[in-house]
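Results of the structural survey
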Amino acid sequence: MEIEIKYFGMIAEVTGKPSEVLEFSAGPISSVKEHLFATYPELQQKNFRIAQDQELVADNAPLNGREIAILPPFAGG
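Rules of the game
Every residue gets a number counted from 1 within its own chain, in the order that chain's sequence is written. Given that the model is predicted, a residue must reach a pLDDT of at least 70 before its local features are reported, and side-chain atom pairs must reach 80 or more before they are shown or counted; all residues, however, enter totals for whole chains, interfaces and linings. Only heavy atoms go into the side-chain values, all of them from the structure, while hydrogens and water stay out. The criterion for strand pairing is that DSSP finds at least two bridges linking the strands in question. Strands here mean DSSP runs of E at least two residues long; helices mean DSSP runs of H or I at least four residues long; both are numbered from the N terminus. Axis geometry follows a simple rule: fit a line to the C-alpha atoms, using only the stretch in contact for helices, then measure angles between N-to-C directions, giving values from 0 to 180 degrees.

**Things to note about the sheet that holds strand 4 (residues 55-57)**
Spatially, five strands are ordered 2-1-5-3-4 in an open sheet, and the strand pairing comes out mixed. Strands at the two margins of the open sheet, each flanked by one partner only, are strand 2 (19-23) and strand 4. For this sheet, the mean angle separating the axes of adjacent strands, direction not counted, is 30°. In this sheet, strand 5 (residues 67-71) lies alongside strand 1 (residues 2-7) in parallel orientation, the contact comprising four bridges. What sits directly across from E4, in strand 5, is E67.

Keep in mind these numbers describe shape, not what the thing actually does.
Below, the structure written as structure tokens:
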């Protein structure tokens, strides 16, 4: 399945792009993280959360959305 991955803040600085479309087979969200770590090793040193279709998800959540957002830490206010 094609999934659009959007990068924000310092994560976009690491990847050098605001988004990209990648092909993934069914599996957990952690498969996206593994791919990102292999493609962008510097991400392993960054703290970030993952949202799927605009909802924060855990690494073991099933990958079944059309959009993944990689979000850096943010402060409330």
